[in-house]
Amino acid sequence: MSVYTPLTQAQVETFMQGFPLGELQHYQGIEAGVENTNFFVTTTQGEFVLTLFEQHQYDEVRELVTLAHHLGKAGLQVPAPLDDQQGEWLHTLENKPAILCHRLPGNHIEQPSAAHCFAIGAALAELHQAARDLPQNRPDEHGLEWASNMLDKLADDLSTTEKSLLAAEVQWQQANQTQWQSLPTGWIHGDLFHDNALFVEGESADRVGAILDLYHASSGVLLMDLAIVANDWCCDKQGNWLGDKQQALLDGYQSVRTLTDTEHACWNQALRAGALRWWVGRLANRRKQQQSGAEMTAIKDPGEYQAKLEKRRA
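Residues numbered from 1 in each chain as written. Predicted model: local features only at pLDDT ≥ 70, side-chain atom pairs only at ≥ 80, totals over all residues. Heavy atoms only, no water.

Comments concerning the side chain of Arg 272
Logical step 1: If you trace the backbone, Arg 272 turns up in helix α10 (residues 267–292).
Logical step 2: Residue Arg 272 is classed as buried on the basis of its relative accessible area, which comes to 7%.
Logical step 3: Here Glu 169 takes part through its side chain, which lies 2.7 Å from a polar atom of the side chain of Arg 272. (Helix = DSSP H or I, 4+ residues; strand = E, 2+ residues; numbered from the N terminus. Buried < 20%, exposed > 50% of the residue type's maximum accessible area, 1.4 Å probe, protein only. Polar contact = N/O pair within 3.5 Å; in protein donor to acceptor, adjacent residues only side chain to side chain.)

Have a look at this one:
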């Protein structure tokens, strides 16, 4: 169970009294969390999620959640913290930073369709557009320099073939930075896999209910964000494109924001950069857990993104 900080009903009632959201009816701990403590909270006016941050200090949380707050004010369906009656959205509960968000509608999808890809493309473009007027003060910690630095750190974990592939791709990306550095930049999600989105079922089965997990968002190349989505939503685990999903994703994105000629020219490079990012990321996560002795059940297969990188290079 991932309720690291239990709360009594009296504590939740006192906390909720600061919001104009009616009277508390029910609250329940959420077991699915990994890093934080979360509760479903039901009042006479709706359903909400209360989050206590277990591993971050107050100022860190303000930095992490500012983008979600900004996007929520712009009307996007994201886990945006709600203002209390004094206009504050970041609070302290049991000596932990805490926020309250609406419980967002929809369900996760296992196999995205072309319609889902179109919808998430449009939603990602809306996120990029809505974040334009928010200062970009969070540099991307998982860019090309990071991947290059990881070469030596991961060397003992890799086969000769894997080391050669990683070194060759980093070198290729470094040699093709001139055009890349001219691409439009802004806030990127960086982790918009299909398990970080909710879809509302019914007459509009392709409607995005919410985009989740904005805690690792940063400044970056907008095209990279779209490529990360393509590499997860539009292909199989070997990197083979599935039907017209890639085109549907691009069409959905461009229904909101038109890609530049340079972005079109750099699309394959972005796909390669996105695959590199997540191959190295998964390798790093695996190494971290091996060194800590933690259980390995939650580690996603690095080989999936090695295969996708090889496919994009081909």
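Describing the packing of helix α5 (residues 160–175) against α10
Logical step 1: Here α5 crosses α10 at 135°, and the two axes come no closer than 11 Å. When the interaxial angle is binned, α5 and α10 end up oblique. Pair α5 / α10 crosses with left-handed handedness. Contact with α5, carried on its side by Glu 162, Leu 165, Leu 166, Glu 169, Val 170, Trp 172 and Gln 173, involves Gln 269, Arg 272, Ala 273, Leu 276, Trp 279 and Val 280 of α10 and no other residues of that element.
Logical step 2: Its residues assigned to classes, the contact of α5 with α10 comprises eight nonpolar, two polar and three charged. (Axes fitted to C-alpha atoms, helices over the stretch in contact; angles between N-to-C directions. Parallel < 35°, antiparallel > 145°, perpendicular 65-115°, else oblique. Left-handed = near helix turned anticlockwise from the far one by under 90°. Contact = heavy atoms within 4.5 Å. Nonpolar A, V, L, I, M, F, W, Y, C, P; charged D, E, K, R; others polar.)

Some words on the nonpolar core
Logical step 1: Within the largest apolar cluster, 75 residues are counted, with the highest numbers of intra-cluster contacts made by Leu 71, Ile 120, Trp 233 and Trp 267.
Logical step 2: The greatest single-element share of this core, amounting to eleven residues, is contributed by α10.
Logical step 3: Those residues in contact with Ile 120, other than ones at most four positions away along the chain, are Leu 192, Ala 197, Val 208, Ile 211, Val 229, Trp 233 and Leu 249. (Core = buried A, V, L, I, M, F, W, Y, C linked by side-chain atoms within 4.5 Å.)

Remarks on helix α11 (residues 302–313)
Logical step 1: The terminal C-alpha atoms of α11 lie 17 Å apart, and with twelve residues this matches the ideal 16 Å at 1.5 Å per residue to within 8%.
Logical step 2: Among all positions in α11, only Pro 302, Glu 304, Tyr 305, Gln 306, Lys 308, Leu 309 and Arg 312 are buried.
Logical step 3: Its buried side turned inward, α11 meets α5, α7 (222–233) and α10.
Logical step 4: Between the side-chain oxygen of the N-cap and the backbone nitrogen of Gly 303 there are 2.9 Å, and the N-cap of α11 in question is Asp 301. (Expected span 1.5 Å × (residues − 1).)

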